[in-house]
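Structure at a glance
Here's the letter readout for the chains.
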Amino acid sequence: MAASDSPGDFYSYKPSLAGGIIIAILFSFLLFLHLFRLYTTRTWFCIPFSIGAVFEVIGYSARAQSSKQPLAQTPFLIQIILILLAPILFAASVYMFLGRIIRFTGHESCSMIRPKWLTIIFVAGDIACFLVQLIGAAIMGNTTSKSMLDLANIIVLVGLSAQIFIFGVFMLVGVVFHKRVRKTGGKLVVGGVDWERFLFLLYGVSILITFRNVFRVIEYALGDDGYLLKHEWPLYVFDAVPMAFVLVVCNLWYIGARKFTSDGSDDVQMMGRGTAERLSGGV
């Protein structure tokens, strides 16, 4: 919301009806795709992708509604909260995936953090970032006071900056694990599945989410009078498009439910029998 605008003016522009509808349809398709893959493979750690996609669909639908009701608070509040928070849910599945890769390949000793704690630490950090940004977005959508808007911006900036830092540490853990396995001559092709390929996909997704978070940090750092908050197109180009690509890439992670052991006792939901067989034939 532009603090310089009159009360009730939530945007510095009229939101695009076509833009909101097109992006909502895109994320609806991706949501259906992920739900189908989730149902057929039972890859439960990917559930946050579907929840995040729901956030995106509702968020951009609310933006489309704002085109018709630019002075209505409810659609503004819905879109600002859900679009802001959706990538945090995507990140949760990304964190869990690395832990499963490390366990399944049997190279836990090459990880800076034990897989069990890796998931707990990064998902806990993800939840904290989620709550901080939720508080900031809620304040932003419920006030017209310049001082409260500045406070909301600061809170969101803290949450986004923390998320970037956490993702940076996470990527470091992944890269160090990858290099150590290679250095020791360890195999990343296990059970006919090329796990190194999935590591590269994980890096790509991490970069996309980090890119989007950096955009959001710049957006809020520039403030209500900054170019990014006064124009709508950057949201679609630097947020919607990268997050759509994240869902496209992560659709490849649904390899199903496969039991594996890291210490002879752990069973982790991971690989699907049907898809794993297809991957085995293609590796």
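Residues numbered from 1 in each chain as written. Predicted model: local features only at pLDDT ≥ 70, side-chain atom pairs only at ≥ 80, totals over all residues. Heavy atoms only, no water.

Counting secondary structure elements, the chain contains 9 helices and 2 strands. For the chain, the sequential pattern of α-helices and β-strands runs α-α-α-α-α-β-β-α-α-α-α. Residues classed as buried in the chain amount to 53% of the 283 residues present. Excluding contacts between residues fewer than 6 apart, the proportion of contacts in the chain whose partners are at least 24 apart in sequence is 75%. Surface accessibility of the chain: about 12400 Å² in total, with carbon and sulfur atoms responsible for 68%. (Helix = DSSP H or I, 4+ residues; strand = E, 2+ residues; numbered from the N terminus. Buried < 20%, exposed > 50% of the residue type's maximum accessible area, 1.4 Å probe, protein only. Contact = heavy atoms within 4.5 Å. Areas by Shrake-Rupley, 256 points an atom, 1.4 Å probe, with all protein chains shown as cover.)

Looking now at the confidence of the model for the chain. Chain-level statistics for the chain give a pLDDT mean of 85 and a share of 87% at 70 or above. Put simply, helix 9 (residues 273-282) is where the chain has its lowest mean pLDDT, 40, and helix 8 (residues 233-250) is where it has its highest, 97. Note on residues 2-8: pLDDT is under 50 here. Beyond four places in sequence and across chains, it has 14 contacts. In the predicted structure, residues 259-283 sits below a pLDDT of 50 and forms 62 contacts with residues beyond four places in sequence or in another chain. (pLDDT = per-residue confidence, 0-100.)

Here helix 5 (residues 146-183) crosses helix 6 (residues 195-222) at 160°, and the two axes come no closer than 9 Å. When the axis of helix 5 is compared with that of helix 6, the two are roughly antiparallel. Both helix 5 and helix 6 take part in a crossing whose hand is left-handed. Taken together, the residues that form the contact of helix 5 with helix 6 break down as 19 nonpolar, 8 polar and 4 charged. (Axes fitted to C-alpha atoms, helices over the stretch in contact; angles between N-to-C directions. Parallel < 35°, antiparallel > 145°, perpendicular 65-115°, else oblique. Left-handed = near helix turned anticlockwise from the far one by under 90°. Nonpolar A, V, L, I, M, F, W, Y, C, P; charged D, E, K, R; others polar.)

A few words on unusual backbone geometry. Phi is mostly negative for residues that are not glycine, and the peptide bonds are mostly trans. The phi dihedral of Arg42 falls on the positive side, at around 60°, and the residue is not glycine. Positionally, Arg42 belongs in the loop between helix 1 (17-41) and helix 2 (47-68). Note on Arg42: relative accessible area 35%, which makes it partly exposed.

Moving on to helix 3 (residues 73-105). Across its 33 residues, helix 3 extends 50 Å between first and last C-alpha, which sits within 8% of the 48 Å expected from 1.5 Å per residue. Approximately 25° is the largest bend angle found in helix 3, and it occurs at Ala86, with the proline Pro87 only one to four residues beyond. Most of helix 3 is tucked away: 30 of the 33 residues are buried. Of the residues one or two after helix 3, Gly106 is the one with positive phi, at around 75°. (Expected span 1.5 Å × (residues − 1). Bend = angle between axes of the 7 residues up to and from the residue.)

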